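Single-letter residue listing:
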Amino acid sequence: MRKRMDRSARGLFIKSNYLRSPKENECIRKKLLKDDYRKILTTDENTRIDDNFEMWITQCRKEWSKFGRHNPVKIKKDDPETHCQMCHQKLSSKKYRVKNSYTDEILWIGADCFEKIINNVEGLLGAGYNQEQARKFELFKRENPEIISFVSDKLSDNALYILPKYIMDHEANVLSEIRKYVKYHVISGSDSNSKLEDIYSEINKVSVRIKNFIQRSNPVKNISSDWAKQIINLQAGGKRIINSISENNGEIDKNIASRIKFHPFLVQYVNGMNSKWNDLHFGVRGNSGITITTMFDNKTFVIDVPSEVVISKLGYPGSFNDVNSSQDLLNVLTYRGATVNDSDTRRNLQLIAFESFKRSHYSRHDFSLGEVTKYISERERQMTDKTHVSKKRFESKARKSVFYQVGNYYVDLNVDELQQFGMWTLESHKFMVSDTLLAQQAKVSKDEILDDFYQDMQFAN
Ligand SMILES: [Zn+2]
């Protein structure tokens, strides 16, 4: 997802020292000064912003600290400062004086910017790095994209199958070596190419092991002969189907799946599965597929899996030897194509997501029509041409988004995304996953959201 640069972040990048070198970053900083910066940034520059956004925020924030004895100061009627000197939004009740330790520049900023900037780097990437170390890290990232992609989406996350423990363990070792190396590299600055070569060779070993595993898991010779026998017994022409699978390198493609008689197959499949798993219940839905019911966190979840998916999963994972728990099996079956049609399950998935938000101190905030109307009328106090606030328009926009508030910031999640979060939370057996995803969402201020509503209202008439 493209990171959204809010006004405060843009002001921070412009005013701080960090982006003044190397020259590629300085070029971006200069473009950010211009009002049409979105138009003049190149694709490469946008990628650079996306890749380093968090590091830049961390480093720039670290340059600023509170300055002077009378701080904050109440805004007076005839105050010389009317706008925040960082984000240029109107100051409301208080202003803060801050100083940059690199450029010595002193600014008056609003409460919003102050809260975002001062003492707010904890937990961010590179919070412990100085500027030189942070630049080295940026450079390392650019020069070693393979390593970074290995760290950020590990190979097993991209794999089609649940991987056996020996691969997962090896992968975990490589990851910890990479982290150690990066830490060492960034902090001490002493480069060791031979170490880097070792890491690359270990990454390659993990890739080869995964490739081998997938090759062994997929071909029809690895389908348990029980399944093959069943297909043959279930229908005339069963042998020919097994031959086609074999000729197709063991893959049951759509065409082959369509020749397998769904209903009797599904009944066999479900019987077999029900005797295998205590905490999952399998049922047949006519020809269309199966349902899997499971309890999690005292709540019931019903997932529908279409026939084609059940059948094409036949080859996985051989005799199910590598599946360790019903959770693993759910992962396999819901890997693709599974849907949630049961309204209780949808609600339960959302409940789990909400609980997760609460743990991260996010609370839901529903914007009201009154709030939006007030914002618009205040904004247009001096204008003669007023915006007409359409209730319908507001409602349709509000329905599409769900806002979560943490501190003074808001995260905008659309309803589809929320459901996805719930799903991932269920699979992970923990609340960690959705926390991570939430952390990746852009945090925006209330004014930005209201501004969004405002812009949207312009098209209402
Ligand atoms: Zn500001």
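Residues numbered from 1 in each chain as written. Predicted model: local features only at pLDDT ≥ 70, side-chain atom pairs only at ≥ 80, totals over all residues.

(A) Here's a closer look at the environment of I28. On the secondary structure map, I28 appears in helix α2 (residues 23–32). The class of I28 is buried, set by 21 C-beta atoms lying within 10 Å. Spatially, the C-alpha atoms of I28 and R48 are 9.2 Å apart, while their sequence positions differ by 20 residues. Not counting residues within four places of it along the chain, the set of residues in contact with I28 comprises L19, L41, E45, R48 and I49. (Helix = DSSP H or I, 4+ residues; strand = E, 2+ residues; numbered from the N terminus. Buried ≥ 20, exposed ≤ 12 C-beta atoms within 10 Å, placed from the backbone. Contact = placed C-beta atoms within 7 Å.)

(B) Looking closely at the pairing of strand β5 (residues 280–285). Sheet topology places β5 next to strand β6 (residues 289–296); six bridges connect them, and they run antiparallel. Note that in β6 the partner of F282 across the bridge is I292. In this structure, the hairpin formed by β5 and β6 is closed by a connection of three residues, where G286 is found at a positive phi of approximately 50 degrees. (Pairing = 2+ DSSP bridges.)

(C) Up close: unusual backbone geometry. A cis amide bond links S21 with the next residue in sequence, P22, at an omega value of -5 degrees. Residue P72 is reached from N71 by a cis peptide bond, and omega for that bond is 5 degrees. Relative to the helices and strands, P72 resides in the loop between β1 (64–66) and β2 (73–74). Backbone geometry at D104 places phi at a positive 65 degrees, although glycine is not the residue there. Mapped onto the elements, D104 comes out in the loop between β3 (94–100) and β4 (106–110). With 7 C-beta atoms packed within 10 Å, D104 lands in the exposed category. One non-glycine residue, N119, lies in positive phi territory at about 55 degrees. Among the structural elements, N119 can be located in the loop between α5 (111–117) and α6 (131–143).

(D) Region of interest: the environment of A127. Inspection of the secondary structure assignment puts A127 in the loop between α5 and α6. Given 16 C-beta atoms within 10 Å, A127 falls into the partly exposed group. For the pair A127 and E54, spaced 73 residues apart in the sequence, the C-alpha separation amounts to 9.8 Å. Sequence-distant contacts of A127, defined by excluding residues within four places in its chain, comprise T58, V121 and E122.

(E) Main features of the packing of helix α19 (residues 391–400) against helix α22 (residues 446–457). Packing of α19 against α22 leaves a shortest axis separation of 10 Å and a crossing angle of 130 degrees. Classified by the interaxial angle, the pair formed by α19 and α22 is oblique. For α19 against α22, the interelement crossing comes out right-handed. Together, R393, F394 and K397 of α19 and F453, D456 and M457 of α22 make up the contact between the two elements. In terms of residue class, the contact of α19 with α22 is built from three nonpolar, no polar and three charged. (Axes fitted to C-alpha atoms, helices over the stretch in contact; angles between N-to-C directions. Parallel < 35°, antiparallel > 145°, perpendicular 65-115°, else oblique. Left-handed = near helix turned anticlockwise from the far one by under 90°. Nonpolar A, V, L, I, M, F, W, Y, C, P; charged D, E, K, R; others polar.)

(F) Region of interest: the sheet that holds β5. As summarised here, the arrangement of the three strands in space is β5-β6-β7, forming an open sheet in which the pairing is antiparallel. Of all strands in the sheet, those bounded by a partner on one side alone are β5 and β7 (299–306). When the angles between neighbouring strand axes are averaged without regard to direction, this sheet yields 25 degrees. Sheet contacts for helix α14 (residues 262–276): β5 and β6; angle to β5, the most-contacted strand, approximately 170 degrees.

(G) Spotlight on the environment of L351. Tracing the backbone shows L351 in helix α17 (residues 343–359). The class for L351 is partly exposed, based on 14 C-beta atoms found within 10 Å. Distance in space between the C-alpha atoms of L351 and K299 is 9.7 Å, their sequence separation being 52 residues.

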